[in-house]
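For reference, the chains in residue letters:
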Amino acid sequence: MSQPRILIPIPVQGEGPRPRFSLGENYVKALLACGAVPLLLPVGVGLDEARALFEQADGVMLTGGGDVNPARYHQSPHPTTYGVDDARDELEIALARWAAEADKPLFAICRGIQVVNVALGGSLVQDIPELVPHALRHSGDHSRRSEVLHTVRVETNSLLARLVGAGEVGVNSFHHQAIDRLASGLVITARAPDGIIEGVELPGLRHFLAVQWHPEDMAAERADMQALFCSFVRACVPSR
Ligand code: MN
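Computed from a predicted structure; not experimentally measured.

(A) Layout of the nonpolar core. Among the nonpolar cores identified, the biggest contains 36 residues, and Leu31, Met61, Phe107, Leu160, Trp213 and Leu228 are the most heavily contacted of them. If you list the elements that add at least two residues to this core, you get strand 1 (5-10), helix 1 (25-32), strand 6 (106-109), strand 8 (150-154), helix 6 (159-164), strand 9 (167-171), strand 13 (208-211) and helix 7 (223-236). A total of seven residues in this core trace back to one element, the largest contributor, which is helix 7. Residues within four places of leucine 160 in sequence aside, it is in contact with Val154, Gly165, Thr189, Ala190, Glu201, Leu209, Val211, Trp213 and Leu228. Counting residues in each nonpolar core, the second largest holds 34 residues, with Ala94, Val118, Leu186 and Ile197 among its members.

Take a look at the structure:
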């Protein structure tokens, strides 16, 4: 059995004279722990080449990062909008649409759940603290990335429930945006107690799952979070 190859866009991070391509090591470690081979795809590669690599890959992972350009969902930017990268938006939105159309397994994390929703026609809450009354704190302490900040309620009869169990699950949280208007076809499978959407999936596909928290930073300590990666990788195993 060959090892599943997972395509992961890798963005440029930071400014200044020597910008670097950057991806959190924990995403890669969580996949390696399941026997997958991460294929890091630099943002800037043209869509034709990205499509060719998509065809060769067994799955797609979308990771955390800055905000999607609000123009993608026909809004002007809120003052707190940060880190917009139009080339990254273009590449990741294309990958999310291709994965949905081709029924290729996808696992999207944090910014990734927002990319998936925008790619399929939805919109985002541009700033939770300012726009959602009575919202919980969703911006955790970056020096304690694995720490639980709030719970989510996972819907029964969902892919997510099969992976981490239905009901209350404690998660970390590092986001100031969230899904607002849900894209048609997506189903909400987890919410925080304040109503913020924390998990969505596309039913009827092999494995099309997105979460708002960062399971890669909890996976070393939490078997349920590591299971999110290994179930995704198993869904990607080529059936040849
Ligand atoms: Mn949260």
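(B) Representation of the environment of tryptophan 213. With respect to the helices, strands and loops of the structure, tryptophan 213 is situated in the loop between strand 13 and helix 7. Spatially, the C-alpha atom of tryptophan 213 lies 14 Å from that of glycine 66, the residues being 147 residues apart in sequence. Excluding its chain neighbours within four sequence positions, the residues that come into contact with tryptophan 213 are Ile109, Cys110, Val152, Leu160, Val171, Asn172, Glu198, Met218, Met225 and Leu228.

(C) Quick peek at the pairing of strand 5 (residues 59-62). Neither face of strand 5 is left uncovered, since the one carrying Gly59 and Met61 and the one carrying Val60 and Leu62 both have all their residues buried. Examined bridge by bridge, strand 1 and strand 5 share two bridges and lie parallel to one another. What sits directly across from leucine 7, in strand 5, is valine 60. In terms of strand pairing, strand 5 meets strand 6 through three bridges, oriented parallel. Each residue of the ladder has a partner; that of leucine 62, found in strand 6, is alanine 108. Each parallel crossover has a hand, and for strand 5 linked through helix 3 (residues 86-102) to strand 6 it is right-handed.

(D) Structural detail: the pattern of salt bridges. Tallying each qualifying case throughout the model produces ten salt bridges. Between glutamate 55 and arginine 51 there is a salt bridge, and its shortest N-O distance comes to 2.7 Å. Taken together, the residues span about one helical turn, with glutamate 55 and arginine 51 both in helix 2 (residues 47-56) at a distance of four residues. On the accessibility criterion, glutamate 55 (48% relative accessible area) is partly exposed. A relative accessible area of 27% places arginine 51 in the partly exposed class. The salt bridge partner of glutamate 168 is arginine 153, with a shortest N-O separation of 3.4 Å. Pair noted here: glutamate 168 is in strand 9 and arginine 153 is in strand 8, with a separation of 15 residues, a long-range link. When its relative accessible area of 47% is taken as the criterion, arginine 153 is described as partly exposed.

Conventions we followed
- Along each chain, numbering runs from 1 in the same order as the chain's sequence is written.
- In keeping with the predicted nature of the model, local features appear solely for residues at pLDDT of at least 70, side-chain atom pairs appear and are counted solely at 80 or more, and the whole-chain, interface and lining totals rest on all residues.
- Heavy atoms from the whole structure form the basis of all side-chain values; hydrogens and water molecules are not counted.
- The definition of a nonpolar core used throughout is a set of buried Ala, Val, Leu, Ile, Met, Phe, Trp, Tyr and Cys residues joined through side-chain atoms within 4.5 Å.
- Accessibility here uses a 1.4 Å probe with only protein chains present; expressed as a share of the type maximum, an area under 20% marks a residue as buried, one over 50% as exposed, and anything in between as partly exposed.
- Runs of H or I in DSSP of at least four residues are treated as helices and runs of E of at least two as strands, each being numbered from the N terminus.
- Contacts are assigned to residue pairs that have any heavy atoms within 4.5 Å of one another.
- Being paired, for any two strands, means DSSP has found at least two bridges between them.
- Classification remark: right-handed applies to a crossover when, strands pointing away from the viewer, the course from the first strand over the helix to the second runs clockwise.
- The salt bridge definition used is simple: a Lys or Arg side-chain nitrogen within 4 Å of an Asp or Glu carboxyl oxygen.

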